[in-house]
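Commentary on secondary and tertiary structure
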Amino acid sequence: MIRGALVIEGGAMRSLYASGVLDIFLENQIEFPYVIGSSAGTLIAANYVAKHIGRSARINIIHSNDSNYFGIRQFIKSRGNIFNFNYLYHSPINDLYPYDVDALRTTKQKFIITATNCKTGSPVYFEKRKYEEMTEALTASCSLPLLSKIVKIDGYQCLDGGISTPVAICKAIEDGNQKVVVVLTRDLEYRKKEHSPLIKLLFKVMYRKYPALTRSLIDMPHHYNQVVEEITALEKAGMVFVIRPQKSLSISRTEKNARKLLSAYYMGRDDTKELLDKMLKYLEV
């Protein structure tokens, strides 16, 4: 096992890029002792720590047009959840691609799942080694604002980890990791635009009982851009190593075009192959 931390950005279906990155790591037997993700980045990380090469990609590409998995029909049917996590974690998807619960239980890797505490608007971190507990934490981390219901877990009321922690670089450094590899799902030039007045209004109405969460949601673009600037500065100083798309990923958070998803996956693989030697050299210093 190498030294260092692995930090994975979310981005819902854009996480196919991260799937490609982590599959190359697994194919080259590259194990990070510390793994942390936000939002969909946690789903990719969960398959990585269980050593499931290709599992994330197969599920999200093959089932991208399955209305029982995600989409508007699922949102209406469930009255508020655009993703059917029970369908993903249990039957039929886990029946088709069984998750190695023993690998999760016995792994020596530290696996941290980031979610957002609705009462405080701040991050909350979970470490789970049992499958049912892990999937509960993953659901909390991946529950998109406006498109998912609030998840209750361990006394917290949670939503998407990307609200408070779009990229958990600070947590990885605070935990003592001197070497950090960051996997982003946006290209170097990307910056989030301010939310429209309508979206801000929806946040205020939907989460009126959670003023701290509302503030965090409205501030998300500024916070995300600030974190990206910090990562870029650390990268230039040689303090972190970043793998990101070399060009813009033209896919949405709820992308259903399998060709685009497959392209994002292979872009992640290709970019990582190109950077692998440089990354290993960075980690060895």
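Our subject is the structure that appears above.
Per chain, residues are indexed from 1 in the order of the written sequence. Whole-chain, interface and lining totals are the exception, using all residues; otherwise, since this is a predicted model, local features are given only for residues with pLDDT of at least 70 and side-chain atom pairs are given and counted only at 80 or more. Note that the side-chain values use all heavy atoms of the structure and ignore hydrogens as well as water.

The next subject is the overall build of the protein chain. Broken down by element type, the protein chain carries 14 helices and eight strands. Here the globule rule is a power law, 2.2 Å times the number of residues to the power 0.38, and the radius of gyration is based on C-alpha atoms. Computed over the C-alpha atoms, the radius of gyration of the protein chain is 18 Å, within 12% of the 19 Å expected from 2.2 N^0.38 for a compact globule of 285 residues. The C-alpha extent of the protein chain, read off along each of the three principal axes, is 50 × 40 × 35 Å. When the 285 residues of the protein chain are sorted by exposure, 58% land in the buried category. The method behind every accessible area is Shrake-Rupley, applied with a 1.4 Å probe, and residues are considered shielded solely by the protein chains displayed. Summed over all atoms, the accessible surface of the protein chain reaches about 13,200 Å², with 52% contributed by carbon and sulfur. Counting rule for charge: Lys and Arg are taken as positive, Asp and Glu as negative, and neither His nor the chain ends is counted. Here the site of a charge means NZ on Lys, CZ on Arg, CG on Asp, or CD on Glu. The average position of the 39 basic charges and that of the 29 acidic charges among the side chains of the protein chain differ by 6 Å. We count a stretch as a helix when DSSP gives it H or I for four or more residues in a row; a strand needs E for two or more, and each element gets its number in order from the N terminus. Only protein chains enter the accessibility calculation, which uses a 1.4 Å probe. A residue is then buried if its area is under 20% of the maximum for its type, exposed if over 50%, and partly exposed in between.

Here we come to the state of the cysteines. The disulfide criterion is simple: two cysteine sulfur atoms within 2.5 Å. Scanning all chains against the criterion turns up zero disulfides. For C142, which is in no disulfide, the shortest distance to another cysteine sulfur is to C158 and amounts to 12 Å. Its relative accessible area of 6% is what places C142 among the buried residues. Just so you know, C158 is unpaired, no disulfide at all, and the nearest cysteine sulfur is the one on C118, 6.3 Å from it. Taking the relative accessible area as the measure of exposure, C158 reaches 0% and is therefore buried.

What follows concerns the environment of K51. Its place among the elements puts K51 in the loop between α2 (40-49) and α3 (55-62). For K51, a relative accessible area of 35% corresponds to the partly exposed category. Measuring from C-alpha to C-alpha, the distance between K51 and I163 comes to 28 Å, with 112 residues separating the pair along the chain. Throughout, a contact is declared for two residues whenever any of their heavy atoms are within 4.5 Å. Sequence-distant contacts of K51, defined by excluding residues within four places in its chain, comprise L26, E31, T107 and Q109.

We now examine the side chain of Q157. You can see Q157 is positioned in strand β6 (residues 156-159). For Q157, a relative accessible area of 18% translates into the label buried. Under this definition, polar contacts are N or O atom pairs within 3.5 Å; protein pairs additionally need one hydrogen-donor-capable and one acceptor-capable atom, and for neighbouring residues in sequence, both atoms have to be side-chain atoms. A distance of 2.6 Å separates the side chain of Q157 from the side chain of Y210, its partner in a polar contact. Residues within four places of Q157 in sequence aside, it is in contact with T116, N117, C118, K119, I150, V151, K152 and Y210.

Bringing the pattern of salt bridges into the picture now. Here, a salt bridge means any side-chain nitrogen of Lys or Arg that lies within 4 Å of a carboxyl oxygen of Asp or Glu. Overall, the coordinates contain nine salt bridges when judged by the stated rule. E127 is the salt-bridge partner of K110, the closest N and O atoms lying 2.9 Å from each other. Here E127 lies in the loop between β4 (123-126) and α8 (131-142) and K110 lies in strand β3 (residues 110-117), a separation of 17 residues in the sequence. Of the charged contacts in the structure, one is a salt bridge between E235 and R244, with a shortest N-O distance of 3.1 Å. Taking the relative accessible area as the measure of exposure, R244 reaches 9% and is therefore buried.

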